[in-house]
Amino acid sequence: MLNNSVVSFPLLEVCCYSVADIEKAIAGGAHRIEFCAGQSDGGTTPSYGALLQVQHYLTQIPIVVMVRPRGGDFCYQPQELMQMESDILLIKELGFHGVVSGALNPDASVDVSACQRLAKAAQGIDFVFHRAFDCVAEPSFSAKCLADIGVTRILSSGQQDKIEQGVELVLALQQQFPQLEWLAAGGVRAHNIGELLERGIQQLHSAAAEDLPSVFATQYAKAMASAKDVSSELTRQTVSQSLVQLMVKQMERGR
């Protein structure tokens, strides 16, 4: 299996929802993959069948897998946490390099007990806390809790929709908690990579996406769209190999 330690910085992680996405991300020069299902939900746990397909790419690139049982908030019931633990154990058994997960309390604090359980299940691989971090009420205290739990890396846009508006917080937390890896997300594209690198960001996460219109005959899909536009309802996004290549070139200039 590929060793994570061979990856140098700065680093581009690409979010992928299919084997086709992964192949385009690898061809474009991505350094790491986050593999998810549930694109419209912002990322959920991929199926066992999908994991088996993606497992074949583990010798080519480090791959971390989203563990999130559903869309919506990050406050989980006991049954959902048991499901997440089982998913993590399976992902680890299949040889993936890490999981991307996390849980919050209703008051927007880190659910320490739940995260300890998830981290224990992930022991031996990376445990990445996803963008639930951008919903916490006290980011500095939350980062300390996650560091104490043993989280490897935190994905964050600095609690803003776009990284340009949140970069100051990410940089401040990166300085305050150097034991944690900080992975910047939220509208990362070729036009802002140079500035982010200059500011001191070393790991970047991007969907690197373009629209992929459906090949389905739209006149048969009106029930899916309800009051919305049928074409936009059927359109999904896929990784753009050319966009990944452009971003990697920008990063190579910063090395």
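Residues numbered from 1 in each chain as written. Predicted model: local features only at pLDDT ≥ 70, side-chain atom pairs only at ≥ 80, totals over all residues. Heavy atoms only, no water.

Draft legend 1. Seen up close, the overall build of the protein. Assigned secondary structure in the protein consists of 10 helices and 10 strands. Relative to the compact-globule value of 18 Å for 255 residues, the protein shows a C-alpha radius of gyration of 18 Å, a close match. Overall size of the protein, expressed as C-alpha extent along the three principal axes, is 55 × 45 × 40 Å. Looking at the protein as a whole, 50% of its 255 residues qualify as buried. (Helix = DSSP H or I, 4+ residues; strand = E, 2+ residues; numbered from the N terminus. Rg over C-alpha atoms; globule rule 2.2 N^0.38 Å. Buried < 20%, exposed > 50% of the residue type's maximum accessible area, 1.4 Å probe, protein only.)

Draft legend 2. Here's a closer look at the nonpolar core. Core analysis: the biggest nonpolar cluster contains 70 residues, and Val14 and Leu204 have the highest contact counts within it. Once residues within four sequence positions are removed from consideration, Leu204 is found in contact with Leu11, Leu12, Glu13, Leu183, Ala184, Val188, Ile193, Leu196, Leu197 and Met251. (Core = buried A, V, L, I, M, F, W, Y, C linked by side-chain atoms within 4.5 Å. Contact = heavy atoms within 4.5 Å.)

Draft legend 3. Just the environment of Lys222, in detail. Relative to the assigned elements, Lys222 resides in helix H8 (residues 222–225). Once the C-alpha coordinates of Lys222 and Glu233 are considered, the two residues, 11 residues apart in sequence, prove to be 9.4 Å apart.

Draft legend 4. Spatial organisation of the environment of Gly200. Here Gly200 lies in the loop between helix H7 (190–199) and strand S8 (203–206). For the pair Gly200 and Gln175, spaced 25 residues apart in sequence, the C-alpha to C-alpha distance is 10.0 Å.

Draft legend 5. Layout of H7. Along H7, the positions that sit buried rather than exposed are Ala190, Asn192, Ile193, Leu196 and Leu197. Down the axis of H7, the buried set is contained in an arc of 145°. They therefore lie on one face. Among the exposed residues of H7, those oriented more than 90 degrees off its buried face are His191 and Glu198. In this fold, the buried residues of H7 make contact with helix H6 (163–176), S8 and helix H10 (241–253). Just downstream of H7, Gly200 is the residue with a positive phi angle, here 115°. (Arc of directions from axis to C-beta.)

Draft legend 6. Expanded view of the sheet that holds strand S3 (residues 63–66). The parallel closed barrel is built from 8 strands, whose spatial order is S1-S2-S3-S4-S5-S6-S7-S8. Adjacent strand axes in the sheet meet at a mean angle of 25° when their direction is disregarded. Set on the sheet, H6 makes contact with strand S6 (153–156) and strand S7 (181–184); between it and S7 the angle comes to about 175°. (Pairing = 2+ DSSP bridges. Axes fitted to C-alpha atoms, helices over the stretch in contact; angles between N-to-C directions.)

Draft legend 7. Up close: the pairing of S3. Alternating positions in S3 separate into two faces, Ile63 and Val65 on one and Val64 and Met66 on the other, with burial throughout. Looking at chain direction, strand S2 (residues 32–35) and S3 are connected through 3 bridges and run parallel. In the sheet register, Ile33 faces S3, and the bridge partner there is Ile63. Note on the crossover from S2 through helix H2 (residues 48–54) to S3: the handedness is right-handed. Bridge analysis of S3 against strand S4 (residues 98–101) gives 3 bridges, and the strand direction is parallel. (Right-handed = clockwise from strand over helix to strand, strands pointing away.)

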